[in-house]
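# A closer look at the structure
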Amino acid sequence: MQFSETPDAIGGMADWWRGAVIYQIYPRSFQDSNADGTGDLKGITRRLPYVASLGVDAIWISPFFKSPMADFGYDVTDYCDVDPTFGTLDDFDQLIGTAHGLGLKVMIDQVISHTSDQHPWFAESRQNRTNEKADWYVWSDPKDDGTPPNNWLSIFGGSAWQWDARRRQYYLHNFLAQQPDLNYHCPAVQDAVLATVRFWLDRGVDGFRLDTINFYVHDKELRSNPPLPNDLRNASIAPEVNPYNFQFHLYDKNQPENLDFLKRLRALMDEYPDIAAVGEVGDDQKSLELMAEYTSGGDKVHMCYSFDFLSRDPITPKRVSGIVDAFDEAGGDGWACWAMSNHDVERHGSRLFIEGLDRLQTQKVHMALLLSLKGSVCLYQGEELGLGEADIAFEDLQDPYGIEFWPEFKGRDGCRTPMVWGKEEANGGFSDARPWLPVPQEHLALSVDEQEKTNDALLHAYRQFLGFRKQNIALSKGDIEFLTMDESCLMFVRPSKDADEADLLCVFNLSGDAIDVDPPQGSLRPLVGHGFSGELTDGKIVLPAGQAFFAEFEC
């Protein structure tokens, strides 16, 4: 498949996002610049040279808008201003300028499925049933017995409906009760949301990460969800202890009207050069189908990611090929963005294992695989250091999700602990004050300064492979064809974007034992510079445990 890379009006590449590697920054935990124990925008700016040194293409900054922080920024009271916790709009402008000077695109989190219950829009909406914003949120009368209008559940536990005494109605909240859902069946809501998006486009952002993109529109008839058979339940979106998994979510999200709004959003973004958006699809039963639907046709979002590689399921050859092929079959010209860790799930350094392989080599081969698949990639801060999930004591918990389901589910704080910059510095170099979450002692040995002086550190492996990816355009822009998917070996070809260039053969040993495999028929020229020790010997590709092999390939 050929892709256009025509330079845009300001000299960028219109398709920079296709195959981009995006580094996610959780601002509360990246770098504190003012000794209050919480990370901020100036702290991010200070550390941008480090991010650029990795070889990534863009950063995604989790929410920094004004918020009462019930869900740490994912409950917004002002979409067009910075919360004082993180700094000012001037600080953001400086961040943008520094990032662009380093060659980094800047993407920001847009949390537009819901607001805070302290947002002025909601304050007006809840006053009565006749005000100008009365239908800006999802309101419903109770059933005759006073119970909620249907059986919809909140991801954070309990009913998705909260009673409001002023209107004597229930309002919908797919997450916390402090996060009422906007009503996208109301045209004025769409207009208002798009105006906030334009605000940041005018300020110079390069794109957006769209939180809970499939939750924007609800079923207008408020029909109850059917039960989900036990054998179809899984825990990638919500933990097993959460009854949210007991429903087939046909009506509280994933509605067809969502496509019309996404087209409006794309039309707005297309007014500006070089803009891209990646949507988060939170669904267990039809995630790949939705990813394909939302990214196909060139008139909706540019790319989407799901939780398929964010679950606890092992990364096996057959599973990887099945996920990527399923998306391609559903997506046509759609584009995926893959990730193994983020701010909502257990870090994959503690979640994903290969039997018989040590943790370091497991993470190296998983990294190379992720960065070799067709699609774009999101990396989460600290992933390049191999940080594991932190064990947070109950008294230190901040996440309302973990507090609700403790101790069976400890929430998301374990993946949100502060970045570790210096082993011998106070709080790992994150802050001179007590951090909002504790810095785990075991993370200090994995700090940036320690890994910088260790030749075989994971940090260097990330830098090396990201450099290798940039040198081989097929890894970012090409198609994919799977050849071998047995219990240990995953082999695929990444056809080159340019007909004058050779295709790339990628082979991975996802086991703890050495293997050798037959190469496909054709000419192979093994490549170096990727950091892996697989080799071509006596007509066989020989792969030690957890190793990989790359070669230019002509059939």
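In this report, we go over the structure that sits alongside the text.

What counts and what doesn't
Residues numbered from 1 in each chain as written. Predicted model: local features only at pLDDT ≥ 70, side-chain atom pairs only at ≥ 80, totals over all residues. Heavy atoms only, no water. Core = buried A, V, L, I, M, F, W, Y, C linked by side-chain atoms within 4.5 Å. Buried < 20%, exposed > 50% of the residue type's maximum accessible area, 1.4 Å probe, protein only. Contact = heavy atoms within 4.5 Å. Helix = DSSP H or I, 4+ residues; strand = E, 2+ residues; numbered from the N terminus. Pairing = 2+ DSSP bridges. Axes fitted to C-alpha atoms, helices over the stretch in contact; angles between N-to-C directions. Parallel < 35°, antiparallel > 145°, perpendicular 65-115°, else oblique. Left-handed = near helix turned anticlockwise from the far one by under 90°. Salt bridge = Lys/Arg side-chain N within 4 Å of Asp/Glu carboxyl O.

## A short note on the nonpolar core
Tyr23, Tyr50, Ile59, Phe64, Trp338 and Phe508 are the most contacted members of the largest nonpolar core, which totals 120 residues. Once residues within four sequence positions are removed from consideration, Phe64 is found in contact with Leu41, Asp81, Val82, Asp83, Phe86, Phe92, Ile108 and Trp200. Ranked by size, the runner-up nonpolar core spans 30 residues in total, among them Met107, Ile155, Ala339 and Tyr401.

## Focus on the pairing of strand S8 (residues 169-172)
Walk down a regular strand and you will see the side chains alternate between the two sheet faces. Neither face of S8 is left uncovered, since the one carrying Gln169 and Tyr171 and the one carrying Tyr170 and Leu172 both have all their residues buried. Two elements, strand S6 (residues 139-140) and S8, share two bridges in a ladder whose sense is antiparallel. Residue pairing for S8: Trp139 is matched across the bridge by Tyr171. The pairing of strand S7 (residues 161-164) with S8 spans four bridges and is classified as antiparallel. The partner of Trp161 across the bridge, within S8, is Leu172. Linking two consecutive strands that pair antiparallel, namely S7 and S8, is a turn of four residues; a positive phi of about 55° is found at Arg168 within it.

## Observations concerning the packing of helix H1 (residues 41-54) against helix H2 (residues 89-101)
In the contact formed by H1 and H2, the axes pass within 9 Å of each other and the chain directions differ by 15°. Of the possible angle classes, the one that applies to H1 and H2 is roughly parallel. Crossing angle aside, the handedness with which H1 passes H2 is left-handed. Between H1, through Leu41, Lys42, Ile44, Thr45 and Leu48, and H2, the contact on the second element is made entirely by Asp91, Phe92, Gln94, Leu95, Thr98 and Ala99.

## What about the environment of Ala514?
Residue placement: Ala514 occurs in the loop between strand S16 (503-509) and strand S17 (515-517). When its relative accessible area of 61% is taken as the criterion, Ala514 is described as exposed. Sequence separation of Ala514 and Ser33 is 481 residues, and the distance between their C-alpha atoms is 47 Å. Those residues in contact with Ala514, other than ones at most four positions away along the chain, are Asn509, Leu543, Pro544 and Ala545.

## Some points on the sheet that holds strand S11 (residues 303-305)
The pairing of strands in a sheet comes from backbone hydrogen bonds and takes either a parallel or an antiparallel form. Pairing is parallel across the open sheet formed by eight strands, whose spatial order is S11-S10-S9-S5-S2-S1-S13-S12. Either end of the sheet is taken by a strand with one partner, and the two such strands are S11 and strand S12 (337-338). The pairing of strand S9 (residues 207-210) with strand S10 (residues 276-280) spans four bridges and is classified as parallel. Paired with Arg209 across the two strands is Val278, which belongs to S10. Against the sheet, H2 contacts strand S2 (58-61) and strand S5 (105-110), and its axis sits at roughly 140° relative to S5.

## Concerning the pattern of salt bridges
Enumeration over the complete set of coordinates arrives at 32 salt bridges. We note a salt bridge from Glu124 to Lys133, for which the minimum N-O separation is 3.4 Å. Two residues, Asp283 and Lys253, come together in a salt bridge whose shortest N-O distance is 3.7 Å. Highlighted residues: Asp283 in the loop between S10 and helix H6 (287-295) and Lys253 in the loop between S9 and helix H5 (258-269), separated in sequence by 30 residues. One exposure class covers both Asp283 and Lys253, and it is buried. One continuous salt-bridge network, built from bridges that share partners, spans Asp71, Asp344, Asp399, Arg412 and Arg416.

## So, unusual backbone geometry
Look at the link from Trp406 to Pro407: it is a cis peptide, with omega at 0°. In this fold, Pro407 is placed in the loop between helix H10 (400-405) and helix H11 (441-444). Although it is not a glycine, Phe72 adopts a positive phi angle of roughly 55°. By secondary structure assignment, the location of Phe72 is in the loop between strand S3 (65-66) and strand S4 (78-82). A relative accessible area of 7% places Phe72 in the buried class. Phi at Asp538 takes a positive value of approximately 50°, unusual for a residue other than glycine. Along the polypeptide, Asp538 turns up in the loop between strand S19 (535-537) and strand S20 (540-543).

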